[in-house]
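# Survey of secondary and tertiary structure
Each chain is listed here by its residues.
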Amino acid sequence: MTAARTRHWWPASAAALALLAPRAAFAHPGAVAGPDSIWRQWGASPAELLLLLGPALWYWAGLRRLRGGARRGRAVSGARAASFSAGMLVLALALASPLDAMAEALFSAHMVQHLLLVAVAAPLCVAGAPLVPMLWAVPRGGRRALGAWWRGRANVRRVVHLATEPGVVFVAHMLALWFWHFPVPYQAALASPSLHAAEHASFFGTALLFWWAVLAPAGRRRVGEGGAILLVGGTLMQSGVLGAVLMFARAPWYPAHAGGARAWGMTPLADQQLAGLLMWIPASVVYMGAAAWLFIGWMRRGEGGDGASRRIDCRTRVLEQPTYRDLPHELHECADASPRIPSLAPHAAAGLGRVAAIDVERSRAR
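Residues numbered from 1 in each chain as written. Predicted model: local features only at pLDDT ≥ 70, side-chain atom pairs only at ≥ 80, totals over all residues. Heavy atoms only, no water.

### What to know about the overall build of the chain
Helices and strands together make up the secondary structure of the chain, namely 19 helices and zero strands. Per-residue burial over the chain gives 44% buried out of 366 residues. Taking the intrachain contacts of the chain between residues at least 6 apart in sequence as the baseline, contacts between residues at least 24 apart amount to 76%. As presented, the chain carries roughly 17700 Å² of accessible surface, and 68% of it is formed by carbon and sulfur atoms. (Helix = DSSP H or I, 4+ residues; strand = E, 2+ residues; numbered from the N terminus. Buried < 20%, exposed > 50% of the residue type's maximum accessible area, 1.4 Å probe, protein only. Contact = heavy atoms within 4.5 Å. Areas by Shrake-Rupley, 256 points an atom, 1.4 Å probe, with all protein chains shown as cover.)

### Comments concerning the packing of helix 11 (residues 166-179) against helix 13 (residues 193-215)
Across the interface, helix 11 lies against helix 13 with an axial gap of 9 Å and an inter-helix angle of 150 degrees. Relative to helix 13, the element helix 11 lies roughly antiparallel. You can see that helix 11 and helix 13 cross each other, and the crossing is left-handed. Where helix 11 approaches helix 13, its residues Pro166, Val169, Phe170, Ala172, His173, Ala176 and Leu177 are matched on the opposing element by Ser202, Phe203, Thr206, Ala207, Leu209, Phe210 and Ala213. (Axes fitted to C-alpha atoms, helices over the stretch in contact; angles between N-to-C directions. Parallel < 35°, antiparallel > 145°, perpendicular 65-115°, else oblique. Left-handed = near helix turned anticlockwise from the far one by under 90°.)

### Describing the environment of Ile296
Here Ile296 lies in helix 17 (residues 282-319). Exposure remark for Ile296: the relative accessible area of 45% places this residue in the partly exposed category. In sequence terms Ile296 and Glu225 are 71 residues apart; their C-alpha atoms lie 9.8 Å from each other.

### What to know about the environment of His200
Its place among the elements puts His200 in helix 13. Assessed through its relative accessible area of 9%, His200 is described here as buried. C-alpha of His200 to C-alpha of Leu95: the two residues are 105 residues apart in sequence and 9.2 Å apart in space. Sequence-distant contacts of His200, that is, excluding residues within four places in its chain, are made with Leu95, Asp100, His110, Gln113, His114 and Leu117.

### Structural notes on helix 6 (residues 98-105)
Among the eight residues in helix 6, six count as buried, and that is most of the element. Buried within helix 6 we find Pro98, Leu99, Asp100, Ala101, Ala103 and Ala105.

### What to know about the packing of aromatic side chains
In total, this model carries twelve aromatic pairs according to the counting rule given. Their ring planes at 85 degrees and their centres at 5.3 Å tell us that Phe107 and Tyr186 sit as a pair that is edge-to-face. Here Phe107 is found in helix 7 (residues 107-127), whereas its partner Tyr186 is found in helix 12 (residues 183-191), with 79 residues between them in sequence. For the ring pair Phe248 and Trp280, a centre distance of 5.9 Å and an interplane angle of 70 degrees mean the geometry is edge-to-face. Of the two residues, Phe248 is situated in the loop between helix 14 (225-247) and helix 15 (258-263) and Trp280 in helix 16 (residues 268-280); the sequence distance between them amounts to 32 residues. Among the residues examined, Phe248 registers a relative accessible area of 56% and is labelled exposed. Sitting over the face of the ring of Trp136, Arg143 holds its NZ or CZ atom 4.1 Å from the ring centroid. (Phe/Tyr/Trp six-rings, centres within 6.5 Å; stacked < 30°, edge-to-face > 60°. Lys NZ or Arg CZ within 6 Å of the ring centre and 35° of its normal.)

### Things to note about a nonpolar patch on the surface
There is a patch of nonpolar side chains on the surface, built from Phe248, Leu274, Leu277, Trp280, Ile281 and Val285 and spanning about 540 Å² of accessible area. Sort the elements by how many residues they give to the nonpolar patch and helix 16 lands first, with three residues. (Patch = residues over 30% accessible without salt bridge, like charges linked within 9 Å, V, L, I, M, F, W, Y side chains within 5 Å. Salt bridge = Lys/Arg side-chain N within 4 Å of Asp/Glu carboxyl O.)

### Looking at the packing of helix 7 against helix 13
The geometry of helix 7 relative to helix 13 is characterised by a closest axis approach of 8 Å and an angle of 40 degrees between their N-to-C directions. Seen along the crossing, helix 7 lies across helix 13 with a hand that is right-handed. Listed contacts from helix 13 to His110, Gln113, His114, Leu117, Val118, Ala119, Ala121, Ala122, Pro123, Cys125 and Val126 of helix 7 are His196, Glu199, His200, Phe203, Phe204, Ala207, Leu208, Trp211, Trp212 and Leu215. Split into classes, the residues belonging to the contact of helix 7 with helix 13 amount to 15 nonpolar, five polar and one charged. (Nonpolar A, V, L, I, M, F, W, Y, C, P; charged D, E, K, R; others polar.)

### A short note on unusual backbone geometry
Positive phi, close to 50 degrees, is recorded for Ala129, a residue that is not glycine. Note that Ala129 resides in the loop between helix 7 and helix 8 (131-136). Residue Ala129 is classed as buried on the basis of its relative accessible area of 18%.

### Some thoughts on the side chain of Ser239
Structurally, Ser239 can be placed in helix 14. Of note is the side chain of Ser239, whose polar atom sits 2.9 Å from the backbone oxygen of Thr235. Not counting chain neighbours up to four residues away, the residues in contact with Ser239 comprise Leu177, Met279 and Tyr287. (Polar contact = N/O pair within 3.5 Å; in protein donor to acceptor, adjacent residues only side chain to side chain.)

### Some remarks on the nonpolar core
Tyr59, Leu91, Phe210, Trp211, Val214, Val232 and Tyr287 are the most contacted members of the largest nonpolar core, which has 53 residues in total. Examining the composition of this core, we find that ten residues originate from one element, helix 7, more than from any other. Counting residues in each nonpolar core, the second largest holds five residues, with Leu99, Ala103, Ala109 and Ala261 among its members. (Core = buried A, V, L, I, M, F, W, Y, C linked by side-chain atoms within 4.5 Å.)

### Remarks on helix 16
Here helix 16 contains 13 residues, and its C-alpha end-to-end distance of 18 Å stays within 8% of the 18 Å for a straight helix at 1.5 Å per residue. Among the residues of helix 16, those classed as buried are Asp271, Gln272, Ala275, Gly276 and Met279. The buried residues of helix 16 occupy one face: seen down the axis, they fall within an arc of 135 degrees. (Expected span 1.5 Å × (residues − 1). Arc of directions from axis to C-beta.)

Below, the structure is given as structure tokens:
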């Protein structure tokens, strides 16, 4: 990626971080934000500030380092950098804008916040290919140490592999969504900042894993496009069912929002019905759009687009290696495929060339 393209997305990223000023300067603890005071509720708590700034700065540091190499810089395109910046902006709007204070008063606003976390910010961040720049933000010695540690921890690899299985991720995301909308845990989270943070972390964390399984580059996901479409369809259905249950309930589930609803001129039941409608319709549009995008990509690859997808996969595999020793078998498959798919040759040669260079360095050291 060129320097101009990287600089182009720094203003959007800086705008997201500007929203993260400590909330203490704006908020009024214990008060329900009404229409007359809502626009003064800007900022983030110290914990939110740390969790939002850390990954963002880590990503941009790695992106800057990747930009230093012409071949490496192409691993994260301008579109991917833009996607990650947009995801961070949406995340900041969900957690550090007046929406967060409004969510403490209205269940419908809380639902908007949750949907921004799981259906907008999470897929945008995943589409930004965060693993590559975050890995390259680590110094070379650290990457090699990380690679050595990872190869020597078979049990850790098995746990990570199990935790990221598409079926496991789907169930975990579904359980998080339903559990935190039951009245008792939901109202407990409203009353406890730590539980509220755990709620948001479980929503966003399981959503990241879900979208990672769905949006992983072709050839890397452990579920094909057909399976990814089924996962998206299953999530669409279960979130739609929850939305319908909330919308057609005959009594409000969350008495803690009664005062906030009245401050905004709504009844608690109307507030809950609006929240159910938001989960049912807008969220369904997002998941249907994701399923359509996957289906179109599937059809295109079936018509001969396999070379482009394998080229992207090969390039990403080269750059994601914490150490250039023991590169995965797939890299050698890229090299074997180079005569059949000429566009793969530069990326396969780059990866194997890196291995050869390190072998030379080691021979000289001896």
